[in-house]
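What the coordinates show
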Amino acid sequence: MSTAVRIDPATGRKIFNTRAAKSTDKIAGKGYSIVADERLKTLPPPPPGAVFNAEEQRKYREYKEVRQGAADYMRLEGEFAKYLEDVYSEPPVAREALTDECEILVIGAGFGALLLWYRLRDAGFTDVRFCEKGGDVGGTWYWNRYPGIACDVESYSYLPLLEEMGHIPAMKFASGFEILEYCQTMAERFGFYDRCLFHTTVEKTDWDEASGRWIINTDRGDAMRARYVVLANGILTTPKLARIKGMETFKGEAFHTSRWNYHVDLKDKRVGIIGTGATAVQVVPEIAKVVKELYVFQRTSSSIDVRDQRATTPEEYETWPNEPNWAVQRRERLATISAGRTALQGNDDFLAGKVQDYRERRQHNRKLTPEEMIQRQLESNFRIMEQIRARVDAIVKDPKTAAALKPYYPYGCKRPTFHDEYLPTFNLPHVHLVDTAPIGVKEINERGVVHDGVEYPLDVLIYATGFEWMGTGSFNMIRGRDGRTLKEKWESEGTKTFLGMHSSGFPNLFIMNGPQGGGGQFNFTRVSEMHASYVVWAIQTIKDRGARSIDVTREAEEEYAQHCAEMDLLSAPLRDCVSYYNGDGNAKPGSLAYYGGGQRWHERRMAAQQSMAPYVLETAPRSPVPAKAAE
Ligand code: NDP
């Protein structure tokens, strides 16, 4: 047996030592700096008379319509597979293939998996194993290490287990590098490393009816068995590239933001970046500080809200821990306001529990219908967007650049972004916004990007073109009871889950943070908390009832899918633009994120747990055992 796998003499269980070493010390950095200039941190008031009237609605509609069909992405396969290589770690630690059994196998080692491990351990489950594609923990924060990376949800509510770790982040918005270190400290403190197989990609997960086990095959030759499998592999895991004619001919350096190549020195280089989503908004101000020329190829502008980064104050360090479960409480309070605009200026006192309510006095004296609520939201949403647009005019000097940087869609329809240095960057003489609206970059040659007949010669080309969102894109091939994979099932029937956690025909399989999975709003840590507690409940319930498996009824998931579609359609006017949230306009209603809100999901969960009606608990194999599984 290699040193990577040894037996714990106390328990007889395997202990792993597969964490990869860092490949270089160059891969380090910091997130947002503190901006002192108040002018850059202020959202101007909405222009007088800002009303979402027919003219403004037409503008939104046209902005959307000209972009429809422009999104064209591809996976990083074939010659582009090299962009997926793990640039952060030394090669995988050698180990033998495993063919043994564990009770719970979790795919992923990000926030979801770390939280789940903590909760499982707390509930007395110790025979737990994790498989992770990367060389270390962190998930998103392992892969995304671009310059300027930081969380967008305030770190006091975003970082999990702060009380348990006795930690308070130093800045309101922690850098991604700090978050990665925090994950590593959590993993060390909670014994996670002993249980995780790094650089191990699960390729296939097959249900074996006869034994009531999942068989998990990996790219390291493993064929492990587990009673339960949990998918905790994230929602924006699989990077995608814009499909652009000639991209394979580019002779300079190129990479995707989620595999930032720090061996490429950007100093004094001509650099191009394609995409202006949340990633690029953080990258652009940082790399503008070192490059010779920067070309930002934009198809659609992001809404750039105020960031207002700040350090944690001595008073906060001292007083917050006096409140029992201070971070959980804070996260709960954040959840009550994060459904709308999330740049919570002025709400620190509410979040810290110092004032009881952040809400403005209600403007109506009767209960509004859901449709009326949406209409109200659209109107206030428009005013916020007017402020966002006014901010562009107030900061960006060149009127043509300012005009291109103004987004025309509802706030939150695309991922809102927050930055106080992004807009001023476009005033620098060496930074050029190339407006490629509405169709985007369509041609690359060996020297650089070509747009509208103009060639932009580049030394380095950075793809900030995002990730597959929800769906089965990040799942391995999971084959359930009737021999179909989860992907095949959802492709033929539409996405069908119960609470986003189970899919009928896939017993003892739990999905964390997947499609239709509610429990929180903007803050995915809260969703992970909810899902981790649900998984613990489900496994505990199976044990308590002496069952071998848990599944859900077809009726329960049909009804739930219908509910997800209704919730999606109800709030769809707030997402009326081309966005990955709605599959660039192509997703079936209810098939991606859950739009019913955290509370509604929670109530459904509680009702299910109480009645147990949606669940099928079995004590023996189904008979006849399907031929395939019995082989
Ligand atoms: P996105 O999917 O948000 O952005 C992709 C960008 O590529 C869009 O601007 C898109 O334009 C553009 N694009 C695609 N094809 C072309 C083309 N041919 N020509 C020009 N532009 C093109 O990806 P990100 O990586 O920015 O962000 C993904 C998500 O990751 C975020 O939304 C957020 O949820 C998360 N994230 C979180 C952060 C945080 O918390 N700090 C930071 C960064 C990311 P178009 O809009 O027109 O489609």
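Structure's up top.
Residues numbered from 1 in each chain as written. Predicted model: local features only at pLDDT ≥ 70, side-chain atom pairs only at ≥ 80, totals over all residues. Heavy atoms only, no water.

Moving on, we get to the sheet that holds strand E18 (residues 448–451). Spatially, E17-E18-E19 is the arrangement adopted by the three strands of the open sheet, whose pairing is antiparallel. Taken across any chain shown, the strands that pair with only one partner, and hence form the sheet edges, are strand E17 (443–444) and strand E19 (454–457). As paired strands, E17 and E18 are joined by two bridges and run antiparallel to one another. By the bridge assignment, glutamate 443 is partnered in E18 with valine 450. (Pairing = 2+ DSSP bridges. Helix = DSSP H or I, 4+ residues; strand = E, 2+ residues; numbered from the N terminus.)

So, on to the layout of surface pockets. Picture a little ball the size of a water molecule; that probe, rolled over the atoms, points out where space is still empty. By volume, the second largest pocket is sized at about 920 Å³. Looking at the lining of the second largest pocket, the elements that each hand over two or more residues are strand E3 (73–75), helix H14 (486–493) and helix H16 (554–571). Looking at the lining of the second largest pocket residue by residue, the classes come out as 14 nonpolar, twelve polar and nine charged. (1 Å grid on protein atoms, 1.4 Å probe; cavity = no way out; pocket = protein on both sides within 12 Å on 5 of 7 lines; lining within 4 Å. Points joined across faces, edges and corners; volume = space filled by probe spheres on them. Nonpolar A, V, L, I, M, F, W, Y, C, P; charged D, E, K, R; others polar.)

Inspection of H14 places Leu486, Lys489 and Trp490 among the buried residues, and these make up the whole buried set. The buried residues of H14 all sit within an arc of 90° when viewed along its axis, so they share a single face. Exposed residues lying more than 90 degrees from the buried face of H14 are Glu491 and Ser492. On its buried face, H14 sits against strand E21 (477–479), strand E22 (509–511) and H16. Downstream of H14 by a residue or two, glycine 494 has a phi angle that is positive, lying close to 90°. (Buried < 20%, exposed > 50% of the residue type's maximum accessible area, 1.4 Å probe, protein only. Arc of directions from axis to C-beta. Contact = heavy atoms within 4.5 Å.)

This next bit is on the site of the ligand. Around the ligand, the surrounding shell holds 26 residues, and the nearest of these are Ala150, Thr279, Thr300, Lys414 and Tyr580. The contact in question runs from an oxygen atom of the ligand to an N or O atom on the backbone of alanine 278, over 3.1 Å. Out of a free accessible area of 920 Å², the ligand has 90% covered by protein chains. A per-element tally of the shell around the ligand places helix H7 (residues 278–287) first, with three residues. For the shell around the ligand, the residue count by class is twelve nonpolar, ten polar and four charged. (Near = heavy atom within 4 Å. Polar contact = N/O pair within 3.5 Å; in protein donor to acceptor, adjacent residues only side chain to side chain. Areas by Shrake-Rupley, 256 points an atom, 1.4 Å probe, with all protein chains shown as cover.)

Attention shifts here to the packing of aromatic side chains. Tallying each qualifying case throughout the model produces 33 aromatic pairs. Relative to tyrosine 83, the ring of phenylalanine 80 lies with its centre 5.8 Å away and its plane at 50°, an arrangement referred to as tilted. The buried category is assigned to tyrosine 83, whose relative accessible area is 10%. Taken together, the ring pairs connect Phe498, Tyr534, Trp537, Tyr560, Tyr594 and Tyr615 into an aromatic cluster. Its end group placed over the ring of tyrosine 595, arginine 575 keeps NZ or CZ at 3.4 Å from the ring centre. (Phe/Tyr/Trp six-rings, centres within 6.5 Å; stacked < 30°, edge-to-face > 60°. Lys NZ or Arg CZ within 6 Å of the ring centre and 35° of its normal.)

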